[in-house]
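# Working through the structure, step by step
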Amino acid sequence: MDIAENLAEVRRRVDVACAAAGRDPATVRLLPVSKTKPPPVIREAYDAGFRLFGENKVQEAVAKAAVFADVPDLRWAVIGHLQTNKAKQVAEVAAEFHALDSLRLAEALDRRLSALDRTLDVFVQVNSSGEDSKFGLPPDQVPTFAAELERFATLRVRGLMTLAVFSDDSALVGACFDRMRDLQARLQDTDGQPERWAELSMGMSGDYEQAIGYGATTVRVGQAIFGDRLDPNDYWPVSGR
Ligand SMILES: *Cc1c(COP(=O)(O)O)cnc(C)c1O
C-alpha cells in the first residue's frame, strides 16, 4: 500500500468534488484518520506533507503523541466520543476535538485546559441521523448549547461535526448533511459570530465527496488512505484500549 499515492488520490477526488460543487478546493481540509495504524504508517503520511491526524480513542492518541513527541508540528485531532474522566488527556495532547456533545465535558475540558494554560479548537458533534447508536446532540438542542459554550474561554468553537447514517442510499446520507448545512446557517444567523460556525467536519471514506457538495470543510478519511482497519487484537499495541 502506497500511503502517499492514496493521499494524492483522495486529495484529487476532494478537488474534483469541489469543482463539481463550485467550491474553492482551498476551503476543504483533508484530515487523515490514522486510528489502528502504527507510527511508521503515520510517518509516511507526515512525509507526504500531512500534519494533523485524526484518532478516535484518546489512549491511542496519547500513545502515538508520545512516539512523535520530537516532531513538534505533528498534531492530533481527537474525533471520537469522550468520557469526561478522559478530558485531561485530550487537554494535554489534542490540537482539535471533534466530538463535543455535553456541557459536563465542556466544563471538564475547560478546567484542564485552564490549568495547562492552553486552548483547544472544538467542534460540536450533532446526531444528524437521529439513530440511537450515534453520539451527538439533536440538531434542535445545538443553539442553546452553543450559547452556553460562550463562557469557556479555553474552547475555541470552530463549527459542527457529524457522522451521517451509514447507508447505500445516498438520499438518506444527503439528508443528514443537509440538516447540518441548515443548522450551520441557523447558528450563523443567530449567534452574531458567524466565524464560530465556519467549519463543517463531515464525510468519511464512503461519503466524503457527497459531503463536500453540502458544504463540508473538513473531511475525515481513514480507510481510503490507510486501507482496512486493523483487527484490534493485532494492530500496534496500546494498553487500555
Ligand atoms: C474512523 C472514523 C472516521 C474515518 O472513517 P473511514 O470510514 O475509515 O474513512 C471518521 N470519523 C470518525 C469519527 C471516525 O471514528
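Just so it is clear, the structure is predicted and the values come from calculations on it, not from any experiment.

### Section: the overall build of the chain
Of the regular secondary structure elements, the chain holds nine helices and eight strands. Against the compact-globule benchmark of 18 Å for 241 residues, the chain has a radius of gyration of 17 Å, which places it among compact chains. The burial tally for the chain puts 49% of its 241 residues in the buried class. Relative to all contacts within the chain whose residues are 6 or more apart in sequence, the contacts with residues 24 or more apart total 62%.

### Quick look at the packing of helix H6 (residues 142–149) against helix H7 (residues 170–190)
The N-to-C vectors of H6 and H7 enclose an angle of 45°; their axes lie 10 Å apart at closest approach. Relative to H7, the element H6 is oriented oblique. The interaxial crossing formed by H6 with H7 has right-handed handedness. The segment H6 lies against H7, with Val142, Pro143 and Ala146 engaging Leu183, Arg186 and Leu187.

### A short note on the UniProt feature "modified residue: N6-(pyridoxal phosphate)lysine" (unreviewed entry) in the chain
Per the UniProt record, "modified residue: N6-(pyridoxal phosphate)lysine" (unreviewed entry) is found at Lys35. Mapping Lys35 onto the fold places it in the loop between strand E1 (29–32) and helix H2 (39–47).

### Focus: the packing of aromatic side chains
Taken as a whole and assessed by the stated rule, the structure comprises three aromatic pairs. Where Phe53 meets Trp76, the ring centres are 6.2 Å apart and the plane angle is 50°; that geometry is what we call tilted. Placement of Phe53 in strand E2 (residues 52–55) and of Trp76 in strand E3 (residues 75–78) is noted, with a sequence separation of 23 residues between them. Residues Phe68 and Trp76 carry aromatic rings whose centres are separated by 6.2 Å and whose planes lie at 50° to one another, so their mutual orientation is tilted. Taken as a pair, Phe68 and Trp76 share a single burial class, namely buried. Pairwise contacts between aromatic rings join Phe53, Phe68 and Trp76 into one cluster.

### Some points on the site of the ligand
The environment of the ligand is formed by Val33, Lys35, Asn56, Ile79, Met161, Met204, Ser205, Arg220, Val221, Gly222, Gln223 and Arg229. Arg220 places a polar side-chain atom, nitrogen or oxygen, 2.9 Å from a nitrogen atom of the ligand. For the ligand, whose unbound accessible area comes to 390 Å², protein coverage reaches 92%. Each residue belonging to the shell around the ligand can be placed in one class, and the counts come to five nonpolar, four polar and three charged.

### A short note on the nonpolar core
Grouped together as the largest cluster of nonpolar side chains are 68 residues, with contacts concentrated most on Phe97, Leu100, Leu109 and Leu160. Look past the residues within four positions of Leu109 in its chain and what remains in contact with it is Leu82, Ala87, Val90, Ala91, Phe97, Leu100, Leu120 and Leu155. Grouped together as the second largest cluster of nonpolar side chains are six residues, Leu31, Val33, Leu52 and Ala95 included.

### Some words on helix H1 (residues 3–21)
Structurally, the α-helix is built with 3.6 residues per turn, so residues lying three or four positions apart point the same way. With 19 residues, H1 should cover 27 Å at 1.5 Å per step; its first-to-last C-alpha distance of 27 Å lies within 8% of that length. Listed as buried for H1 are Ile3, Leu7, Val10, Val14, Ala17 and Cys18. Viewed end-on, H1 has its buried residues packed into an arc of 105°, placing them on one side of the element. Exposed residues pointing more than 90 degrees away from the buried face of H1 are listed as Glu5, Ala19 and Ala20. On its buried side, H1 packs onto E1, H2, helix H8 (208–213), strand E8 (218–221) and helix H9 (223–226). Structurally, the start of H1 carries an N-cap: the backbone nitrogen of Ala4 is 3.0 Å from a side-chain oxygen of Asp2. Once H1 finishes, Gly22 follows within two positions and takes phi at roughly 70°, a positive value.

### Comments concerning unusual backbone geometry
With a phi angle near 70°, Thr36 is a residue other than glycine that sits in the positive phi range. Topologically, Thr36 is positioned in the loop between E1 and H2. For Thr36, a relative accessible area of 3% corresponds to the buried category. Even without glycine at this site, Asp117 takes up a positive phi of about 60°. In this structure, Asp117 sits in the loop between helix H5 (103–116) and strand E5 (120–125). Of the residues examined, Asp117 reaches a relative accessible area of 74% and is grouped as exposed.

Parameters and conventions
Residues numbered from 1 in each chain as written. Predicted model: local features only at pLDDT ≥ 70, side-chain atom pairs only at ≥ 80, totals over all residues. Heavy atoms only, no water. Helix = DSSP H or I, 4+ residues; strand = E, 2+ residues; numbered from the N terminus. Rg over C-alpha atoms; globule rule 2.2 N^0.38 Å. Buried < 20%, exposed > 50% of the residue type's maximum accessible area, 1.4 Å probe, protein only. Contact = heavy atoms within 4.5 Å. Axes fitted to C-alpha atoms, helices over the stretch in contact; angles between N-to-C directions. Parallel < 35°, antiparallel > 145°, perpendicular 65-115°, else oblique. Left-handed = near helix turned anticlockwise from the far one by under 90°. UniProt positions renumbered as here; feature names shortened; annotations may be inferred. Phe/Tyr/Trp six-rings, centres within 6.5 Å; stacked < 30°, edge-to-face > 60°. Near = heavy atom within 4 Å. Polar contact = N/O pair within 3.5 Å; in protein donor to acceptor, adjacent residues only side chain to side chain. Areas by Shrake-Rupley, 256 points an atom, 1.4 Å probe, with all protein chains shown as cover. Nonpolar A, V, L, I, M, F, W, Y, C, P; charged D, E, K, R; others polar. Core = buried A, V, L, I, M, F, W, Y, C linked by side-chain atoms within 4.5 Å. Expected span 1.5 Å × (residues − 1). Arc of directions from axis to C-beta.

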